[in-house]
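These are the residues of each chain, in order.
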Amino acid sequence: MAEAPNDLDAYWMPFTANRQFKAAPRLMASASGMHYRMADGRQILDGTAGLWCVNAGHCRDEIADAIAAQARSLDYATAFQMGHPAAFTLATRLARLAPGDLDHVFYVNSGSEAVETALKIALAYHHARGEGRRGRLIGRERGYHGVNFGGMAVGGIGNNRKQFGPGLGAVDHLPHTHDLAHNAFSRGQPAWGAHLADDLLRLIALHDATTIAAVIVEPVAGSTGVLVPPVGYLERLREICDAHGILLIFDEVITGYGRLGAAFAATRFNVLPDLMTTAKGLTNAAVPMGAVFARRHIYDALMTGPEPAIELFHGYTYSGHPLACAAALATLDIYEKENLFARARALEPYFENAVHRLDDVAGVIDVRNIGLAAGVELASRQGRPGARAYEVFLKCLELGLLTRQAGDTIALSPPLIASEGDIDQMADILGQAIAATA
Ligand SMILES: Cc1ncc(COP(=O)(O)O)c(C=O)c1O
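What you are looking at is a predicted structure, and each value in this text was computed from that prediction instead of being measured.

Thresholds applied
Residues numbered from 1 in each chain as written. Predicted model: local features only at pLDDT ≥ 70, side-chain atom pairs only at ≥ 80, totals over all residues. Buried ≥ 20, exposed ≤ 12 C-beta atoms within 10 Å, placed from the backbone. Helix = DSSP H or I, 4+ residues; strand = E, 2+ residues; numbered from the N terminus. Near = placed C-beta within 6 Å. Nonpolar A, V, L, I, M, F, W, Y, C, P; charged D, E, K, R; others polar. Domains from an automatic or database assignment. Contact = placed C-beta atoms within 7 Å. Axes fitted to C-alpha atoms, helices over the stretch in contact; angles between N-to-C directions. Parallel < 35°, antiparallel > 145°, perpendicular 65-115°, else oblique. Left-handed = near helix turned anticlockwise from the far one by under 90°.

J.: What is the right way to look at the pairing of strand β4 (residues 104-108) in this model?
T.: With five of five residues buried, β4 is to be regarded as a mostly interior element. Residues of β4 alternate between two faces, with H104, F106 and V108 on one and V105 and Y107 on the opposite face, all of them buried.

Shown next as structure tokens:
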């Protein structure tokens, strides 16, 4: 077991209350399958697949072996004007996994980089077609698209924006679809809310379609507490984008690789975006990696001009890193061999029933779910939004369960290998924790 470090000061932790954490640290030492082991030896059930990313469960030998073998044979290859075989093999496999003609893959190292890349490809696409005036990007309130400048601008979570100045100018936002008066305690897609997509028509009237490059949404918003799209909503967005020459980007950093019981949300909802961002589950989180999928017309629009010319002035030192490619290939093998996406779909009704056992617990104001993702929203403490869910998060940890807090919502997103017993345990512990913090 790893020893607890004795000085916590130097590490500036991300998205963490540093001083509070360092006063009472929570250190993970190891992991296996559905569980973490804390530095104090306690075993914790992973209710969140790490951070929505360890879809095949922890410390899979096949992935560890593939990474080790790759590190010994080709540790690094520059991705600029050079290549290595695994990057091409992986792209071909990913293109086969993706729906429709989302058959070109651009590698990045994180969800945030995937978003920046997709936004830049959207702009470059319009530029290549002589529509460079289309520079405006439309996001959605409560959207999370990572932390870099483009993603922050199209994102819609106030706390993630307010410290960082004016950011990108040509951006606007659709309204979010979360409305407890209409949608509380929905199972799967809520029936109410498709009309909210029509707000895009208002933004088109305001800005003119010829200034709008792309709309980016999470098909299921994860980080803001699992907001499931109303029936017909994504279809309507697709329709409006098509009618006005606007690209539709699905940010599938959370929904990709089986979270919804299908390879992608685009697969499950049968709505084809022009660009799709992914990361997290791509490598089972063992090596950081993201992949942006582009439909053929996007790629083709840029494959013009003289052949010796670089078509897209974009990329990262670690795009398609050999270790990440090895991890991704081994991860895809596991998903396929263990049929994990179909497994998640088959488990969904059980998971749904388990989380909705919390509907009547005092203080719960909404439970919502789709695939193996659920949000349990709590009544906020007077004047202290988020305080209740933080207490519940701590109580769950004390009782042996890792959850994720988003405002006053507790999110569950277990690894796709979860058993029915694991799911019962998650719902039971969460119920106890909510009751204990009443
Ligand atoms: C939808 C979405 N986009 C982008 C990101 C950013 O990913 P990363 O933290 O890997 O940069 C996240 C992370 O949770 C996400 O949920």
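From this point on, the discussion continues.
J.: I tried to follow the site of the ligand on my own but got confused; where do I start?
T.: Near the ligand you find 14 residues, and of these S110, G111, S112, G146 and V253 are the closest. Here the shell around the ligand gets three residues from one element, more than from any other, and that element is helix α5 (residues 111-128). Looking at side-chain class alone, the shell around the ligand contains five nonpolar, seven polar and two charged residues.

J.: How should the domain arrangement of the protein be read in this particular structure?
T.: By a widespread convention, an interface's size corresponds to the accessible area lost as its parts come together. Domains assigned within the protein are domain 1 (18-56 + 339-436) and domain 2 (64-337). Listed as interface residues are 32 residues of domain 1 and, on the opposing side, 29 residues of domain 2. Counting residues per element, the ones that place at least two in the side of domain 1 that touches domain 2 are α2 (49-52), α13 (340-355), β11 (364-370), β12 (373-378) and β15 (409-412). Partitioned by chemical class, the residues of the side of domain 1 that touches domain 2 number 16 nonpolar, nine polar and seven charged.

J.: Looking at this structure, I do not really get the packing of α13 against helix α15 (residues 420-436). What am I missing?
T.: The geometry of a pair of packed helices is captured by two quantities: the angle between their axes and the separation between those axes. Taken N-terminus to C-terminus, the directions of α13 and α15 make an angle of 20 degrees; their axes are 9 Å apart at the nearest point. In terms of orientation, α13 and α15 fall into the roughly parallel class. By crossing handedness, the relation of α13 to α15 is classed as right-handed. Along its contact with α13, which presents Y350, F351, A354 and V355, the element α15 presents E420, I423, D424 and A427. Residue composition of the contact of α13 with α15, by class: six nonpolar, no polar and two charged.

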